[in-house]
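# Overview (structure and organization)
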Amino acid sequence: MTNILCIGAGYVGGSTIPIVASHCPQHRFVIVDINEARIAAWQSDKLPIYEPGLDEIVFKTRGKNLFFSTDVDKHIAEAGIIFVSVNTPTKMFGQGAGKAADLQYWEKTARQILENSTTSKIVVEKSTLPVRTGEAMERILNSNSKGLHFDVLSNPEFLAEGTAVRDMENPDRILIGGRETESGQKAVETLVELYATWVPRERIITTNLWSSELSKLVANAFLAQRISSINSISALCEKTEADVNEVAHAIGLDNRIGKYFLRSGVGFGGSCFKKDILHLVYLCEHYGLPEVAAYWEQVVTMNEYQEMRFVSKMVSAMFNTIAGKRIALFGAAFKANTNDTRESPALEVCRALLEEHAEVVITDPHAMENARYDLGELAKRITFEPDPYAAANGAHAIALVTEWSQFAQLDFEKIHAAMVKPAFIFDGRNLLDHNKLYEVGFNVYPIGKPALTHLHAQ
Ligand code: UDX
Ligand code: UDX
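To keep things clear, this report deals only with the structure shown in the data block. (Residues numbered from 1 in each chain as written. Chains lettered and ligands numbered in written order. Predicted model: local features only at pLDDT ≥ 70, side-chain atom pairs only at ≥ 80, totals over all residues. Heavy atoms only, no water.)

## With respect to the overall build of the protein chain
Secondary structure summary: the protein chain contains 18 helices and 14 strands in total. Relative to a compact globule of 458 residues, whose C-alpha radius of gyration would be 23 Å, the protein chain shows 24 Å and is just as compact. In terms of principal-axis extent, the alpha carbons of the protein chain reach across some 85 × 50 × 45 Å. As displayed, the protein chain has an accessible area near 20,400 Å², and 52% of this comes from carbon and sulfur atoms. A gap of 1 Å separates the mean positions of the 45 positive and 56 negative side-chain charges of the protein chain. (Helix = DSSP H or I, 4+ residues; strand = E, 2+ residues; numbered from the N terminus. Rg over C-alpha atoms; globule rule 2.2 N^0.38 Å. Areas by Shrake-Rupley, 256 points an atom, 1.4 Å probe, with all protein chains shown as cover. Lys, Arg positive; Asp, Glu negative; His and termini not counted. Charge placed at Lys NZ, Arg CZ, Asp CG, Glu CD.)

Below you can see the structure in the form of structure tokens.
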């Protein structure tokens, strides 16, 4: 039996470690966090993150071989393997502000590991980190005079929120990076063995430490780049009567392009894409590669353009003013099936609508609490309404910004009847049946397709 510790009970630590624990009953897993309320929630019936299928796994393993605690020091001392999944936000001060990763939590954690260790350990980077962070960590950890040795591995997480359980149960690949020394390779093999309990060996790939760290940033940058690419085309489609869904389908059937991540929408969000691309940009600038940096930065610029383009379209369609108009925002989460609102395009749209002095009502099946928190002071100017029918009641427009399938099931005839006319619907995710909405009487504005409007005839 090995004591396996995870530091950081957020989306990454909290959704991966319970799954590992469920497959490895022979080991004992502890997840620690400095946030007491978060740990209390992991110990309760209402877990702090909404992730389909996760409750069942946590309830099955908790108290058997999975434990949650705030006693970080004690559990560091007992652990043989430590996963670190503390957050690495974008640095908002000093050198690299707005782009570089803020590594203060990571470094603090490394020092805490060192202070509380009496045995040698494997330390696994689970958080996304800039390339060569592992080296800095090795230096801190191995600078000890206790005669202890620490092997630092990189094992980036590729799961997506909303499908975390499925992604982790059946991953495309597990990536483990380590040092090419004898002890580094032994540590890699230990982690390979852990995953091999349920993941086929051929899907577990091992690389050097730097390749593994960089691959995580590059994977996210490539995924985000596809979204920005198709979103750039959506703008052109709206000018030319081409249909972005048809274009995406047509190009996606080419195996070399592939069909995934070509869904045009209001923009990408989430805790990783923007942050990781900006890390990549910063790294390139740091290493004297301004052309490479500018290339990747454009992916983020295009995303911001897409979000603002959506709002501009709303304003211009609604007779160039939305001041004082009630607008129902359908969605707050950055994608469906999660309560996460970090970097959510929904909230960017919301902020821009408030700038235009619109009266905003937000409805979302799971993310209202986080939305309220993220919007801070602005939340006071917003109505949070769990019932989408009530949210749309008396509204001039609906802006659908998260692709919750429940929104597609709504009775839009009933909704239309209770709205101010002419009623507008802006489908920022191309989720709804646009022709049907048009027949009901809505003026419909999809993404990357011609608008369906009754207004010309008037
Ligand atoms: C993710 C990933 O780990 C990281 O790769 C990505 O870059 C952004 O954040 P996530 O799990 O989504 O992490 O973040 P979050 O939900 O904020 O969880 C981090 C947890 O670490 C928090 O619960 C925080 O309280 C905890 N933490 C942070 C510690 O326990 N100790 C610290 O010193 C700092
Ligand atoms: C992403 C990566 O997919 C995952 O591998 C990594 O570990 C963490 O970052 P996540 O942010 O949870 O996962 O969700 P993802 O499904 O990638 O969606 C990110 C954003 O892109 C969402 O806002 C989503 O709505 C948007 N998106 C995704 C599109 O706009 N179009 C698409 O075709 C796909």
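## Considering the site of ligand 1
Close contacts around ligand 1 come from 19 residues, with Val12, Asp33, Arg38, Thr128 and Lys275 the closest. In this structure, Tyr11 approaches ligand 1 through a main-chain N or O atom, which is 2.9 Å from an oxygen atom. A distance of 2.4 Å separates an oxygen atom of ligand 1 from a polar side-chain atom of Lys275. Contact with the protein chains hides 92% of the accessible area of ligand 1, taken as 690 Å² for the molecule alone. Elements with a minimum of two residues in the shell around ligand 1: helix 1 (11–23) and helix 5 (104–116). (Near = heavy atom within 4 Å. Polar contact = N/O pair within 3.5 Å; in protein donor to acceptor, adjacent residues only side chain to side chain.)

## Things to note about a nonpolar patch on the surface
Judged by side-chain polarity, Leu223, Tyr260 and Phe261 come together as a nonpolar surface patch covering roughly 310 Å² of accessible area. For Phe261, a relative accessible area of 37% gives the class partly exposed. (Patch = residues over 30% accessible without salt bridge, like charges linked within 9 Å, V, L, I, M, F, W, Y side chains within 5 Å. Salt bridge = Lys/Arg side-chain N within 4 Å of Asp/Glu carboxyl O. Buried < 20%, exposed > 50% of the residue type's maximum accessible area, 1.4 Å probe, protein only.)

## Regarding the environment of Cys237
Among the structural elements, Cys237 can be located in helix 9 (residues 209–240). For Cys237, a relative accessible area of 3% corresponds to the buried category. Considering only alpha carbons, one finds Cys237 and Ile447, 210 residues apart in sequence, at a separation of 8.7 Å. In this structure Cys237 touches Ala242, Asp243, Val244, Val247 and Gly448, once residues within four positions along its chain are discounted. (Contact = heavy atoms within 4.5 Å.)

## So, the packing of helix 9 against helix 10 (residues 244–252)
The contact between helix 9 and helix 10 brings their axes to 9 Å, and the two run at 135 degrees. One way to sum up the angle between helix 9 and helix 10 is to call them oblique. Considering how the two elements wind past one another, helix 9 and helix 10 form a crossing that is right-handed. Taken together, the residues of helix 10 that come into contact with helix 9 (itself represented by Ile230, Ile233, Ser234 and Cys237) are Val244, Val247 and Ala248. Here the residues of the contact of helix 9 with helix 10 sort into 6 nonpolar, 1 polar and no charged. (Axes fitted to C-alpha atoms, helices over the stretch in contact; angles between N-to-C directions. Parallel < 35°, antiparallel > 145°, perpendicular 65-115°, else oblique. Left-handed = near helix turned anticlockwise from the far one by under 90°. Nonpolar A, V, L, I, M, F, W, Y, C, P; charged D, E, K, R; others polar.)

Geometry only, nothing functional implied.
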